[in-house]
Structures are given as structure tokens and as C-alpha cells.
Amino acid sequence: MDIETLVLMGLILVALGGATGVAVFLRYFGGNAVDPALMERFVARLRAWWLLFAAVAGALFIGKAAAIALFALLSFWALREFITVTPTRVSDHRALFWVFFVFLPLQFVLVGYGLYDLYLTLIPIYALLFVPARVALSGDTTRFLERTAKIQAGLLLCVYCLSFAPALLSLDWPDYPQFAEPTVPKPSLEELVFLSTPTSNFQSLGETDPGKPSQGNPLFLTGGPPASVQLASSSAEFSGGYYPRNKTWQKIRLLLFLIVLVQLSDVLQYAFSKLPWGHLVAPTIHPTRTWEGFAAGTACVVLVGTALWFVTPFPYWWQASLIALATGCMAFAGVMTMSAVKRDRGIRDYGVLIEGHGGVLDRIDSLCFAAPVFFHLSRYFLSGGLV
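Rules behind the numbers
- Residues numbered from 1 in each chain as written.
- Predicted model: local features only at pLDDT ≥ 70, side-chain atom pairs only at ≥ 80, totals over all residues.
- Heavy atoms only, no water.
- Helix = DSSP H or I, 4+ residues; strand = E, 2+ residues; numbered from the N terminus.
- Buried < 20%, exposed > 50% of the residue type's maximum accessible area, 1.4 Å probe, protein only.
- Areas by Shrake-Rupley, 256 points an atom, 1.4 Å probe, with all protein chains shown as cover.
- Expected span 1.5 Å × (residues − 1).
- Bend = angle between axes of the 7 residues up to and from the residue.
- Phe/Tyr/Trp six-rings, centres within 6.5 Å; stacked < 30°, edge-to-face > 60°.
- Lys NZ or Arg CZ within 6 Å of the ring centre and 35° of its normal.
- Core = buried A, V, L, I, M, F, W, Y, C linked by side-chain atoms within 4.5 Å.
- Contact = heavy atoms within 4.5 Å.
- Patch = residues over 30% accessible without salt bridge, like charges linked within 9 Å, V, L, I, M, F, W, Y side chains within 5 Å.
- Salt bridge = Lys/Arg side-chain N within 4 Å of Asp/Glu carboxyl O.

Participant: Help me out: how do you make sense of the overall build of the protein in this one?
Facilitator: Each helix and strand in the protein was counted, giving 12 helices and two strands. Taken from N to C terminus, the helices and strands of the protein fall in the order α-α-α-α-α-α-β-α-α-β-α-α-α-α. Looking at the protein residue by residue over its 387 residues, the buried ones come to 47%. For the protein, the computed accessible surface area is about 18,800 Å², with 67% contributed by carbon and sulfur atoms.

Next up, the structure:
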């Protein structure tokens, strides 16, 4: 593990530990100054964060396949919660079989192999066309458009959008010098000719001993290859002036960076929305989110994202700032959109998997919206866009 990853993991642990310490202090020594219901909700949220961090960190350390499997499991459970609260009929079950056991695992397999062109189009083209066709073959026309649209929406939000989070582990970018470790300068043409000259040919060039000063070698008058050539020839990764860095930990940090921004956006926007002078965005959709909370929370996320620029592979700090801004906005959109679905269905939470704090989809709604935007902005910046 490199130093940047250690620092990022340490910062996350310090933040979670500090929040836990504050919660314990307020719970036992806060008296009547803190609303007990609000405190219980905050403690439940902390449990969810610890669980998410432990699961993601453990999967990342096991390997890329384990991390992708974890997100596939989260996607499966979130889709199950989404479909459960949306009415379906018996005639939809065969289409749902294809959704859960064919398209969902296939999407994450394609992500694991890094087949960008395929996982980019599998669900929004092939699956979204297949679902209504398969439901139509069942012969049931009752609320056909509504039923198929709900299945498509669940597949798009809970599977397709979420799959772009682990897709960061398959992301690749050119080995630009700003992504590389500095090393020896690129050898000259004469030095490369020296490297290509077999030892047995030294005598024919007038060199009787490669380790002694040359008497007749027209390329080198100081016997033996220069130090830069010796270093360059000893490395199979030499690429003209720099050695490409190991991108594995960079990709892991990029995924952790996304999760940190999303979770911070969620909690900061919620916390600032609790201020008494805020203006509610949509009271019928979310009773607590305010415009002031959205603006202040997103601004803080941008500051944190800029401060954490050093753990990302982006060459410029403003790229991390722009991605943090986009992540904060999309996280807010995810919370509001999935809250609208819950209000439409007349429920408070999508499930009860996390005790005291709803289901999986309640915790990853903002991540589902932020992940595809974060992924494509990262891909654009790391490919040299706006540089």
C-alpha cells in the first residue's frame, strides 16, 4: 500500500472515530440539549458508515473481484427493495428473472473485465428493450406501461448507475509524466546503440574489455555504459524518462474518494438543512432538505474534495474541485429523487436491513446518482480533457 492510500484510510478512520466520540459524549452527557430522536438517527447513520467502510475496505484489500462482487450484492439487494415497493404481477416474474439473474450479474462481469463499450450499453439499450418485449410475450396488458417502466427504472438506477462505482477499478488512462515516478533521463540514440551491441562485438569495435576505457569504440570514449544506461537497461518498465506508477492503489483511492464525497455530501447537506432559517426545496418530497443546506453542504464538499486532491490521480487541483461539485449536486438529486419514489409509494424506508435506518437503497441512493457522473468526469480528465 502506498503512502497516499494510508493517509486517506487514516483520515477516514479519524473522521469516523471522531464522529463516534462526539455521538457517545452527547448521548451520555448532552442532557436535554440534544433531541433524543435526532441522536438515535445519527447513531444509526454512524453504524451504517462503519459497516460500509469495513465492507468496502475489506473487499478492496482482498482484491478487485471481491470489491466488484460486493457492489453486485449491494445492487441486487437495492433492486430487490425497489421492486418490492413497486407493484408487479405474476406475468412479470419471468422478465424479473432475466433482470436479476442475467442482466445484473452480466453487467458487473463486464465491469470486472473492463469492457467499457459493452457495460456502457448493455442495460440502457439491450435490457431496456428486452424487458417490455418479454413482459408483452406474457400476454398481460393490465397497466403494461406502468409495470415495465418501473422495472426499467429499477434496473437503470440500482444496477446500471451503481455499477460505475466499481468500474473505477477498471478505469485506465495514459502514462502521462504527471502520473509517473521521476527517474533517470531518457538515453540518447548512441546509448541505445550501445545497449543493442552484443558483448561479443566489443572487440570488433576496438574494445577489448567492456569494463576498461575504450580505445577504438567510436560511440564511447570512457569505457562501459553510462550510469543512466545501466539503470535504464535494468528495468523492463522504462518508457522514456519516467516509470509508470502502479495504478492499482490510485484506482482504489479514486473509489474511496467517491464514497467519501457522497457520504459527506449526504450528512453535511442534511446537517445544514437543520438550521432554522432555511427554505425547503420541496416539502412534499423531503421535509427537511433546504436550499441553504444544499448550497452550504455542497460548498463544504468542494473544499474537502480540493483538500484531498493529493490522493487522487488528477493532475490539477481544480479537476478534483469540479468533480466534488458535481458529486455534491448529483448526491442531492439522488436523495430527492428516491425520496419522491418513497412518497409516491407511501413508505418511510425501502427496507429494514440496517437496524434503525432503513434498507440498502436508503443508504446508497445518492451514490447511485453520483457514480456515473463521477466516473465519466474522471475518465475525461484522466484522458487529458481540459488540460
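Participant: Even after reading the chapter, I still don't get helix α12 (residues 360-382), so can you show me in this structure?
Facilitator: Because each turn of an α-helix spans 3.6 residues, side chains separated by three or four positions end up pointing in the same direction. End to end, α12 covers 31 Å across 23 residues, agreeing with the expected 33 Å (1.5 Å per residue, within 8%). Of all the bends found along α12, the most pronounced is centred on A370 and spans about 35°, while P372, a proline, follows it within four residues. Across the 23 residues of α12, 18 count as buried, placing the element largely inside the fold.

Participant: It is not clear to me how the packing of aromatic side chains should be interpreted in this structure. Could you clarify?
Facilitator: Any two aromatic rings considered together are summarised by their centre-to-centre distance and by the angle between their planes. This model, assessed by the stated rule, comprises 20 aromatic pairs. Taking the centre distance of 6.0 Å and the plane angle of 80° together, the rings of W318 and F381 count as edge-to-face. Here W318 is found in helix α11 (residues 317-345), whereas its partner F381 is found in helix α12, with 63 residues between them in sequence. Using a relative accessible area of 3% as the deciding quantity, one classes F381 as buried. Ring pairing ties together the aromatic residues Y116, Y119, Y160, F164 and F375, which thus form one cluster. The ring of W77 has R80 lying over it, and the distance from NZ or CZ to the ring centre is 5.2 Å.

Participant: For this particular structure, what's the right way to read the nonpolar core?
Facilitator: Soluble globular proteins tend to bury their nonpolar side chains together. Of all hydrophobic cores here, the largest spans 91 residues; its most connected members are F71, L255 and L258. With 12 residues, α12 is the largest single contributor of residues to this core. In this view, L255 contacts L60, F71, A165, L168 and L169; residues no more than four positions away in its chain are not counted.

Participant: It is not clear to me how a nonpolar patch on the surface should be interpreted in this structure. Could you clarify?
Facilitator: Together, I3, L6, V7, L11 and F310 line one region of the surface with nonpolar side chains, adding up to about 440 Å² of accessible area. Counting through the fold element by element, V7 comes out in helix α1 (residues 3-29).

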